[in-house]
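One letter stands for each residue in the lines below.
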Amino acid sequence: MSDINKLTKTALFDLCEKHGITGYKYKNKTEIAALLQSALQQHNGESAPLTPTFVEVCAGGGGLSAGLIKSGFTPLLLNDNNKDCCKTLKTNHPEANVVCGSMADIDFAPYIGKIDLLTGGVPCQSFSQAGLRKGLDDPRGDLMMKFIDIVNLTKPKVFMVENVKGLLTHNGGDTIKTIIQTMEQSGDYVVQYKCLDASKYGVPQKRERVFIVGVLKTLDKVYQYPTEQPLTKVLRDVLTDVPPSNGAKYSADKIELFKLIPPGGCWVNLPENLQRQYLGNSFHSGGGKRGILHRLSMDKPALTLLCTPSQKQTERCHPVEERPLTIREYARIQSFDDNYVFVGSMNSQYKQIGNAVPVELARLMGESIKNLLW
Ligand SMILES: C[S@@+](CC[C@H](N)C(=O)[O-])C[C@H]1O[C@@H](n2cnc3c(N)ncnc32)[C@H](O)[C@@H]1O
């Protein structure tokens, strides 16, 4: 196969077809040749990959993948069905095989037995008990079922699903129970889950996410989640010398309100007449509502960053200025490197960052899984 680079693009397409290799259609000639070469080498056992490999579905703007790559994993395939996310993934990882489209439409047969880690931030909207009950053989099952199908087809050494904390209490705890039972149904995996707060893992943000990890029984290894870090990072650690970037703006009225709120404060710091005026009917509702008109503090981790930087119920004002966080500040708090590029409109960029697994937490998860594999 040493002459692979001399073949025409059509000949390369034909070879990909013949060997069941997907994701080549929108690549240039050099990229297709590289894809083909590495797939064929692995298939022939000519050269074992030097680093552990991963496949990620629902990869978003790439927080999880950036962290896994930092920990030493090589992506075999990155997927999302959002065009901006795919452009972001491709821009930051030009060598990676980025497949834009539904994870449900990808043919994973070429990856059977070749994946060290299969992972995905499978969206939570898809937790329908009905979908899960349809069973493993139903291709119309929801995305979580589809993910489990891909596990059972490709048999990765390890799989990992990341999701919101609400998964643990959804349907009174039945949903997570059903998911774990379905994941264990093949008898091939030991599955565990844990909710990790990013602020305990070197990220200046309180962000709780559930990580389900399944390990192939034949590995005969017990997976250990990363250990909590002794020091908590705060915003002061990351909000200095942030590169300039776009950012959302507040209305003149909101700016005046935030002038009255100290760092770490929220609507309760306003005089009562302004509290009533701003909250309207929800003034009398219960709960702390601390996300409303919340101003971050340089001396604490941020509250969980969301997909939009400014909403009435979930405000996260800059600690010392009357404005929402900029794109690059968002990225810093999610522990993306400053040179990580986000593609798309400003709103799309906020969404990609707000949806991401913090890169540092992903790196630690990657290390913990690598320890198991190597
Ligand atoms: C929570 S985000 C993933 C974030 C990612 N783990 C990260 O660290 O950046 C979920 C992603 O799933 C994508 N998605 C939703 N349905 C999908 C599908 N059927 N196939 C592929 N991606 C999908 C969304 O576009 C979104 O980017």
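One can find the structure itself at the top, above this paragraph.
Residues numbered from 1 in each chain as written. Predicted model: local features only at pLDDT ≥ 70, side-chain atom pairs only at ≥ 80, totals over all residues.

1. Thoughts on the overall build of the chain
Within the chain, the regular secondary structure consists of 12 helices and 7 strands. Across the 374 residues of the chain, 39% fall into the buried class. Considering only intrachain contacts with a sequence separation of at least 6, the fraction spanning at least 24 residues in the chain is 65%. (Helix = DSSP H or I, 4+ residues; strand = E, 2+ residues; numbered from the N terminus. Buried ≥ 20, exposed ≤ 12 C-beta atoms within 10 Å, placed from the backbone. Contact = placed C-beta atoms within 7 Å.)

2. Quick notes on the nonpolar core
Core analysis: the biggest nonpolar cluster contains 74 residues, and Leu117, Phe147, Met160, Tyr330, Leu361 and Ala362 have the highest contact counts within it. Considering each element in turn, this core owes the most residues, 7 residues, to helix 6 (residues 143-154). Per-domain counts for this core show at least three residues from each of domain 2 (53-231 + 359-373) and domain 3 (235-354). Discounting chain neighbours no more than four positions away, the residues touching Leu361 are Gly67, Leu196, Ala198, Tyr201 and Val203. Core analysis: the second largest hydrophobic core is formed by 9 residues, Cys16, Ile32, Leu35 and Ala39 among them. (Core = buried A, V, L, I, M, F, W, Y, C linked by C-beta atoms within 7 Å. Domains from an automatic or database assignment.)

3. A short note on unusual backbone geometry
Glycine aside, a negative phi is what most residues show, and trans is what most peptide bonds show. In the Ramachandran plot, Lys155 falls in the positive-phi region, its phi being about 50° despite a non-glycine side chain. Residue placement: Lys155 occurs in the loop between helix 6 and strand 5 (158-164). Backbone geometry places Leu293, a non-glycine residue, at a positive phi of 50°. With 25 C-beta atoms counted inside 10 Å, the residue Leu293 sits in the buried group.

4. A closer look at the site of the ligand
Around the ligand lies a shell of 23 residues, among which Cys58, Gly60, Gly63, Gly121 and Ala356 are the nearest. Residue assignment for the shell around the ligand shows that the elements contributing at least two residues are helix 3 (63-70) and strand 2 (74-80). Class assignment for the residues of the shell around the ligand results in 11 nonpolar, 10 polar and 2 charged. (Near = placed C-beta within 6 Å. Nonpolar A, V, L, I, M, F, W, Y, C, P; charged D, E, K, R; others polar.)

5. Quick look at the environment of Val210
Among the structural elements, Val210 can be located in strand 7 (residues 208-216). On the neighbour-count criterion, Val210 (18 C-beta atoms within 10 Å) is partly exposed. Residues Val210 and Leu168, 42 residues apart in the sequence, show an inter-C-alpha distance of 7.9 Å. Setting aside its immediate chain neighbours within four residues, Val210 contacts Asn163, Lys165, Leu167, Leu168, Tyr193 and Cys195.

6. Here we look at the sheet that holds strand 2
An order of 3-2-1-4-5-7-6 is seen for the 7 strands of this open sheet, with the pairing classed as mixed. Both edges of this open sheet fall to strand 3 (98-100) and strand 6 (189-197), since each of them pairs with a single strand only. In this sheet, neighbouring strand axes are inclined to one another by 15° on average, regardless of whether the strands run parallel or antiparallel. By the bridge criterion, 4 bridges tie strand 1 (residues 53-57) to strand 2 in an arrangement that is parallel. Paired with Phe54 across the bridge in strand 2 is Pro75. Along the sheet, helix 4 (residues 83-92) makes contact with strand 2 and strand 3, crossing strand 3 at roughly 170°. Contacts from helix 12 (residues 359-373) reach strand 4 (117-120), strand 5, strand 6 and strand 7, with the element oriented near 155° to strand 5. (Pairing = 2+ DSSP bridges. Axes fitted to C-alpha atoms, helices over the stretch in contact; angles between N-to-C directions.)

7. Some remarks on the pairing of strand 2
Along strand 2, 6 of the 7 residues are buried, which leaves the element largely enclosed by surrounding structure. Pairing between strand 2 and strand 3: 3 bridges, direction parallel. Directly across from Leu78, in strand 3, lies its bridge partner Val98. Since strand 2 and strand 3 lie parallel, the crossover through helix 4 that links them has a hand, and here it is right-handed. (Right-handed = clockwise from strand over helix to strand, strands pointing away.)

8. Things to note about the pairing of strand 7
When strand 5 meets strand 7, the two strands line up antiparallel, connected through 7 bridges. Residue Phe159 lies in a different strand from strand 7, and its bridge partner there is Gly214. Judged from the 9 bridges that link them, strand 6 and strand 7 form a sheet pairing that is antiparallel. Residue Val190 lies in a different strand from strand 7, and its bridge partner there is Val215.

9. Describing the environment of Pro230
With respect to the helices and strands, Pro230 occurs in the loop between strand 7 and helix 8 (252-258). The exposure class of Pro230 is exposed, given the 6 C-beta atoms found within 10 Å. Sequence-wise, Pro230 and Lys200 are 30 residues apart; in three dimensions their C-alpha atoms are separated by 7.8 Å.

10. Observations regarding the packing of helix 3 against helix 12
Contact pair helix 3 / helix 12: the axes reach a minimum separation of 7 Å and the direction vectors enclose 50°. With respect to helix 12, the element helix 3 is oriented oblique. Between helix 3 and helix 12 lies a crossing of right-handed hand. Across the interface between the two elements, Gly63, Leu64, Ala66, Gly67, Leu68 and Lys70 of helix 3 pack against Val359, Glu360, Leu361, Ala362, Arg363, Met365 and Gly366 of helix 12. (Parallel < 35°, antiparallel > 145°, perpendicular 65-115°, else oblique. Left-handed = near helix turned anticlockwise from the far one by under 90°.)

11. Here we look at helix 3
Summarising burial for helix 3: 7 of the 8 residues are buried, a large majority. Taken together, the buried positions of helix 3 are occupied by Gly63, Leu64, Ser65, Ala66, Gly67, Leu68 and Ile69. Positioned one or two residues after helix 3, Gly72 has a phi angle of 110°, which is positive.

12. Section: the environment of Gly60
Along the chain, Gly60 falls in the loop between strand 1 and helix 3. In the structure, Gly60 is positioned 19 residues away from Asn79 in sequence and 7.9 Å away in space, judged by C-alpha atoms. If we skip the residues at most four places from it in the chain, Gly60 touches Asp80, Cys85, Gly121, Gln352, Asn355 and Ala356.

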